[in-house]
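The residues making up each chain are set out below.
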Amino acid sequence: MTPIQSLQSCLIDKFATTRGRASRSEYWWFHAGLLALSLAWPTSFGSSTTVADGLIELPSLTSVIALLCILLVLLIPSSAVTVRRLHDLNKSGLWLLLGLVPLIGTALLLLFSCCSGTPGPNRYGPEPLESASDSARPSPPSAGLPEPGRTARPDPASGDGVR
């Protein structure tokens, strides 16, 4: 999954969806985008204040408040993609609460997010990369052949008398 596909999936298609599974690439590209936003925001928008004889430049209060509001809204898709990532490991979304345990819980969630998912379908759905590639793959042309398990109907113009 590309970074653009990941951001589209998390911010538009599955904003608050916790059903299904998320691949490692979807999870990590989304969180890399959040990190880039939070690092670039204070320096790009709003005025700044210089302190310590010009050595430190602090962002304005309005810029910080705007960033915090945006990150608060982005907490919804961030939590949703983390739950879907846990689903890919065949774990319940309640494991997200482990992040409330200082250091150990966060370290375990980080470890979980690095692990590869359950191969094949699990109780939360099909493998995420497999289902994405299946939907993107065009179906082969049938070339006028009947579908498997169905018989071809005779042409009434041929005189078979079967309709």
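Residues numbered from 1 in each chain as written. Predicted model: local features only at pLDDT ≥ 70, side-chain atom pairs only at ≥ 80, totals over all residues. Heavy atoms only, no water.

A.B. asks: So what exactly am I meant to see when it comes to the environment of Pro77 here?
C.D. replies: Turning to its location among the elements, Pro77 is positioned in helix α3 (residues 61-88). As a C-alpha pair, Pro77 and Thr18 span 59 residues in sequence and 9.0 Å in three-dimensional space. (Helix = DSSP H or I, 4+ residues; strand = E, 2+ residues; numbered from the N terminus.)

A.B. asks: Help me understand unusual backbone geometry in this model?
C.D. replies: It is generally the case that most residues other than glycine have a negative phi and that most peptide bonds are trans. One non-glycine residue, Asn90, adopts positive backbone phi at about 65 degrees. Looking at where Asn90 falls in the secondary structure, it is placed in the loop between α3 and α4 (104-114). The class for Asn90 is partly exposed, based on a relative accessible area of 33%. Located in the positive-phi region is Leu103, a residue other than glycine, with phi close to 60 degrees. Topologically, Leu103 is positioned in the loop between α3 and α4. (Buried < 20%, exposed > 50% of the residue type's maximum accessible area, 1.4 Å probe, protein only.)

A.B. asks: I'm lost on helix α1 (residues 3-13) in this one. Help?
C.D. replies: Each α-helix turn comprises 3.6 residues. Residues three or four places apart therefore point the same way. Every buried residue of α1 is listed here: Ser6, Ser9 and Cys10. Viewed along the axis of α1, the buried residues span an arc of 85 degrees, placing them on a single side of the element. The exposed residues of α1 that point more than 90 degrees off its buried face are Ile4 and Ile12. (Arc of directions from axis to C-beta.)

A.B. asks: What should I look at first to understand the nonpolar core in this one?
C.D. replies: If you look at soluble globular proteins, the nonpolar side chains tend to sit buried side by side. Judged by nonpolar contacts, Cys10, Ala22, Tyr27, Phe30, Leu34, Leu74 and Val81 together constitute the single largest core of seven residues. Mapped by element, the contributors of at least two residues to this core are α2 (24-44) and α3. Ignoring any residue separated from it by four or fewer positions in sequence, one finds Leu74 in contact with Leu11, Leu34 and Leu37. (Core = buried A, V, L, I, M, F, W, Y, C linked by side-chain atoms within 4.5 Å. Contact = heavy atoms within 4.5 Å.)

A.B. asks: Where do I start with the packing of aromatic side chains in this structure?
C.D. replies: How two aromatic rings sit relative to each other is set out by the distance from centre to centre and by the angle between their planes. Inspection of the entire model under this criterion finds two aromatic pairs. Here the aromatic rings of Tyr27 and Trp28 are separated by 5.1 Å at their centres, their planes lie at 90 degrees, and the arrangement is edge-to-face. Looking at Tyr27, the relative accessible area reads 11%, which means it is buried. Between Trp95 and Phe112, the ring centres sit 5.4 Å apart and the planes meet at 80 degrees, which makes this aromatic pair edge-to-face. A residue pair is termed long-range when its members are at least 10 positions apart, and Trp95 in the loop between α3 and α4 and Phe112 in helix α4 qualify at 17 residues. Positioned above the aromatic ring of Trp95, the side-chain terminus of Lys91 is 5.1 Å from the ring centre. The cationic tip of Lys91 hangs over the ring face of Phe112; the distance from NZ or CZ to the ring centre is 4.9 Å. (Phe/Tyr/Trp six-rings, centres within 6.5 Å; stacked < 30°, edge-to-face > 60°. Lys NZ or Arg CZ within 6 Å of the ring centre and 35° of its normal.)

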